[in-house]
Amino acid sequence: MADSQSVRTDGLRHLGEETLFGTVPSHSIHNHRPVVLTSGTPKARSGRWSYDNQIETLIDGSEYFTRWFAELDALTSSSAEPRELRHTGWRLDNIGASGRYSGVDERLLPELHRAQASGVQIRIRLSGHALGAVNVLACRRLRAAGIPVHLDRRLSGLSASHHEKYTVFRDGDRLTALVGSLDLTRTRWDTQRHSIVSAARYPYLRAPTHDTGVAITGSAALDIARAFDDSLADPCHTRLADPCHTRLADPCYTRTSASGAADSAPLLRPGPGGSGSAVTVLRTTPLDPRRTAATREYSAATAYLDAISRTRNFLYMEDQYFWPVFAPSPLAGGDVLDRLLDILRGRDIDIYILLPAPRHRSPIGRLQAAQRHVAMSTLLRAQSRATGRVHFLTPQREGQTIYVHSKLLIVDDEYVQIGSGNVNIRSMFNDGELCVGIEDHHIASEFRARLWEEHLGVPREGLREYSEAMLQLDAALRSGRGNIREYKPPASRRSFTAIHRWLWDRFVNPSPTR
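Residues numbered from 1 in each chain as written. Predicted model: local features only at pLDDT ≥ 70, side-chain atom pairs only at ≥ 80, totals over all residues. Heavy atoms only, no water.

### So, the overall build of the protein chain
We count it as follows: For the purposes of this entry, the term helix denotes a DSSP run of H or I that reaches at least four residues, the term strand denotes a run of E that reaches at least two, and both are numbered from the N terminus. Under the scheme applied here, a residue whose accessible area is under 20% of the maximum for its type counts as buried, over 50% as exposed, and between as partly exposed, the area being computed with a 1.4 Å probe on protein chains only. We call two residues in contact whenever any of their non-hydrogen atoms come within 4.5 Å of each other. The Shrake-Rupley method, run with a 1.4 Å probe, gives the accessible areas here. Residue values count only the displayed protein chains as cover.
Counting its secondary structure elements, the protein chain contains eleven helices and 20 strands. Scored against the burial criterion, the 514 residues of the protein chain give a buried share of 61%. Within the protein chain, counting contacts between residues at least 6 apart in sequence, those at least 24 apart form 75% of the total. Put simply, the protein chain shows about 20,100 Å² of open surface, and 52% of that area lies on carbon and sulfur atoms.

What follows is the structure, encoded as structure tokens:
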């Protein structure tokens, strides 16, 4: 084993390489170039890779909430010990059965209370951002029911938030984590049909909503649980430390310090034959003036940028915002727009980006759309002089916009990055975020096929091979079938006042150096 000074700690995975995480076994690597988490400035810290994980993809709120309540029910009725639930979210309300709206939503709170009464140890952490009045009410109700909850107000400004959305269920030795773009809130429920009017969606006239998530069973769920523990023991903010909170202990887990040295040994616990999916946990720590470069973590951003740079054939992205960085990036190598321009100009590839069509008429809403359109127009102009091709898409049903709330990246049907982080400055540098990177050809191709089955209305059997799927997508765009349309930015550019810019820079998409 090399000394700690010469060992890479940024998630590099090469066949048979001796790393801080142990020797990488040959059966854990697919035959493609690994996704490398590059170290920028400040240092981008990343977690370990684990190889024993079982992944289930979850599309839209109906699948996600059904799985969430199934895990809670199983935990409540189990006789194993220990039994624990860790949840962190940007928002929480008393959602109904499987997330559906029922007029009087009384499912979540009684179910949590029943789980706690059965012996489940529950810890909940909610964002205490400036516009989070719903979370204040949720905390009051949870505390009144005797359920431990933290309203985390450790933020650097009015616009910052803890945007993570994940839950870890521990049933004895089995750990399962649900990660994605969904909070436990009534506004996130929808089915893959995305009906125009649905009495189960809150409120029933709200636009259909598209979300994505994954359920992970294995060592990566342990890493996510430790990320929860670390968030409560953040050295930058000690006043929220909970003396009653027991950190998740595991003798096979090692935490890597900011300097890159291992805190303990032994290291990576291999799964049965290492036959599962390779997963790493990626984070953004909230911007705070008390943090040094060594204690900030931008691993979610660096992984996203590096995955784009390593695209060989195609890239598929779903994002709520897609706002470029109009400010100096703290990371080397530019931002998402820079990386997309690089691969568009130099490679024969296809870039597909699914975005929500503009629907807000407020000044801020119009400014948001204008920022997105600047990025879109930049890529489309570059395409005329480039080798690659870029396609902007938006989902619709019967002329009604389907709002894209998903935060997803799929590269070459080999790598998936999914979680709470959007493509904007806030998610990449300012807010608290948690994503996972998954390297598994089967998971990536099946996830894309399932998504395109929903968007195109074509059976997934004909979408698993990318070349055939691309033909199906082109046919759908030409014929107008399915739920997907081409998204073209307007030719004219809207001008905005200084007050609009001030609001944008201060509250909507603040500079990473602020």
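### Some points on the nonpolar core
Inclusion rule: Nonpolar cores were defined as sets of buried Ala, Val, Leu, Ile, Met, Phe, Trp, Tyr and Cys residues, with membership established by side-chain atoms within 4.5 Å.
If you look at the biggest cluster of nonpolar residues, it comprises 46 residues, and the most contacted ones within it are Val214, Ile224, Tyr316, Val436, Phe447 and Trp452. Counting residues per element, this core draws most heavily on helix α4 (residues 219-232), which supplies eight residues. Apart from residues lying up to four places away in sequence, Val214 is in contact with Ile55, Glu56, Thr57, Leu58, Ala177, Leu178, Val179, Ile418, Val436, Ile438 and Phe447. Counting residues in hydrophobic clusters, the runner-up holds 37 residues, among them Ala307, Leu337, Leu409 and Tyr487.

### A few points about the environment of Leu340
Note on placement: Leu340 falls in helix α6 (residues 336-346). According to the relative accessible area criterion, Leu340 is buried, its value standing at 0%. For the pair Leu340 and Ile308, spaced 32 residues apart in sequence, the C-alpha to C-alpha distance is 6.8 Å. In this structure, Leu340 is in contact with Ile308, Leu315, Met317, Phe322, Ile351, Ile353 and Leu379, ignoring residues within four places of it in sequence.

### Topic: helix α9 (residues 441-456)
Formally: Here the expected span of a helix is defined as 1.5 Å times the quantity of residues minus one. Each polar contact in these results corresponds to two N or O atoms within 3.5 Å; when the atoms are within protein, one needs to be able to donate a hydrogen and the other to accept it, and residues that are neighboring in sequence are counted only if both atoms are side-chain atoms.
The terminal C-alpha atoms of α9 lie 22 Å apart, and with 16 residues this matches the ideal 22 Å at 1.5 Å per residue to within 8%. Buried residues dominate α9, accounting for 13 of its 16 residues. The residue sitting at the N-terminus of α9 and contributing the capping side-chain oxygen is Asp440; that oxygen lies 2.9 Å from the backbone nitrogen of His442. Phi turns positive one or two residues past the end of α9, at Gly457, with a value near 70 degrees.

### Quick word on the packing of aromatic side chains
We count it as follows: Here a Phe, Tyr or Trp ring, Trp counted by its six-membered ring, pairs with any other such ring whose centre lies within 6.5 Å, and the pair is stacked when the planes are under 30 degrees apart, edge-to-face when over 60, and tilted otherwise.
Across all of its chains, the model carries ten aromatic pairs by this definition. Judged by centre distance (5.4 Å) and plane angle (80 degrees), the ring pair of Trp68 and Phe69 falls under edge-to-face. The two residues Trp68 and Phe69 agree in class, both being buried. Where Trp68 meets Phe169, the ring centres are 5.6 Å apart and the plane angle is 70 degrees; that geometry is what we call edge-to-face. Here the residue Trp68 occupies a position in helix α1 (residues 60-77), and Phe169 occupies one in strand β7 (residues 166-171), the gap between them amounting to 101 residues. One exposure class covers both Trp68 and Phe169, and it is buried. Taken together, the aromatic side chains of Trp68, Phe69 and Phe169 make up a single cluster linked through ring pairs.

### Remarks on the pairing of strand β5 (residues 121-127)
Spelled out, the test is: What makes two strands pair is DSSP finding at least two bridges between them. A clockwise course of the path from the first strand over the helix to the second, judged with the strands pointing away from the viewer, identifies a crossover as right-handed.
Across the seven residues that make up β5, a large majority, six, are buried. Of the strand pairs in this sheet, strand β4 (residues 83-89) and β5 are connected by six bridges, and their pairing is parallel. Note on β5: the bridge partner recorded for His87 is Ile124. Pairing between β5 and strand β6 (residues 149-152): four bridges, direction parallel. Looking across to β6, one finds that Ser127 is bridged to Asp152. In this region the chain leaves β5, passes through helix α3 (residues 133-144) and returns to the parallel neighbour β6; the handedness of that crossover is right-handed.

### Thoughts on the pairing of strand β3 (residues 49-59)
Most of β3 sits inside the fold, with nine of its eleven residues counted as buried. Bridging between β3 and strand β11 (residues 277-284) involves three bridges; their strand directions are antiparallel. Looking at the pairing, Asn53 lines up with Ser277 of β11.

### Some remarks on the environment of Ser181
Looking at the element boundaries, Ser181 is found in the loop between β8 (174-180) and β9 (209-210). Through-space distance from the C-alpha of Ser181 to that of Gly419 is 5.6 Å; in sequence the pair is 238 residues apart. Not counting chain neighbours up to four residues away, the residues in contact with Ser181 comprise Lys165, Arg188, Asp211, Thr212, His405, Ser406, Lys407 and Gly419.

### Concerning unusual backbone geometry
Residues Glu81 and Pro82 are joined by a peptide bond in cis, for which omega reads -5 degrees. Positionally, Pro82 belongs in the loop between α1 and β4. Of the consecutive residues Tyr202 and Pro203, the connecting peptide bond is found in the cis state with omega at -25 degrees. When you line up the elements, Pro203 lands in the loop between β8 and β9. You will see that Ser98, though not glycine, has its phi angle at about 55 degrees, which is positive.

### Focus on the environment of Thr66
On the secondary structure map, Thr66 appears in helix α1. Note: C-alpha distance between Thr66 and Ala97 (31 residues apart in sequence) is 8.3 Å. Those residues in contact with Thr66, other than ones at most four positions away along the chain, are Gly61 and Ser98.

### A closer look at the pattern of salt bridges
Close approach of charged atoms allows side chains of opposite charge to pair. Put simply, the rule is: Just to be clear on terms, a salt bridge is a Lys or Arg side-chain nitrogen sitting within 4 Å of an Asp or Glu carboxyl oxygen.
This model, assessed by the stated rule, comprises 28 salt bridges. For the salt bridge of Arg114 with Glu111, the shortest nitrogen-to-oxygen distance reads 2.9 Å. Remark: Glu111 and Arg114 occur in helix α2 (residues 108-117); sequence separation between them is three residues, near one turn of the helix. Under the relative-accessibility criterion, Glu111 is labelled buried at 13%. Note that Arg125 and Asp152 form a salt bridge whose closest N and O atoms lie 2.8 Å from each other.

### Thoughts on the packing of α9 against helix α10 (residues 466-479)
What counts is decided by this rule: Where helices are involved, their axes are fitted lines through C-alpha atoms of the stretch in contact, as for all axes, and angles between N-to-C directions lie from 0 to 180°. Every angle not falling under 35 degrees, over 145, or within 65 to 115 is termed oblique; those three ranges are roughly parallel, roughly antiparallel and roughly perpendicular. Left-handed describes a crossing whose near helix is turned anticlockwise from the far helix through less than a right angle; right-handed describes the clockwise counterpart. For this scheme, ten residues count as nonpolar: Ala, Val, Leu, Ile, Met, Phe, Trp, Tyr, Cys and Pro. Four count as charged, namely Asp, Glu, Lys and Arg, and the remainder, Gly too, count as polar.
Running from amino to carboxyl end, α9 crosses α10 at an angle of 15 degrees, the nearest separation of the two axes being 11 Å. It follows from the interaxial angle that α9 and α10 lie roughly parallel. Judged by the twist between their axes, the crossing of α9 over α10 is left-handed. Residue-level inspection shows Arg448, Trp452 and Leu456 of α9 in contact with α10, the latter providing Tyr466, Ala469, Met470, Gln472, Leu473 and Ala476. Here the residues of the contact of α9 with α10 are counted per class, giving seven nonpolar, one polar and one charged.

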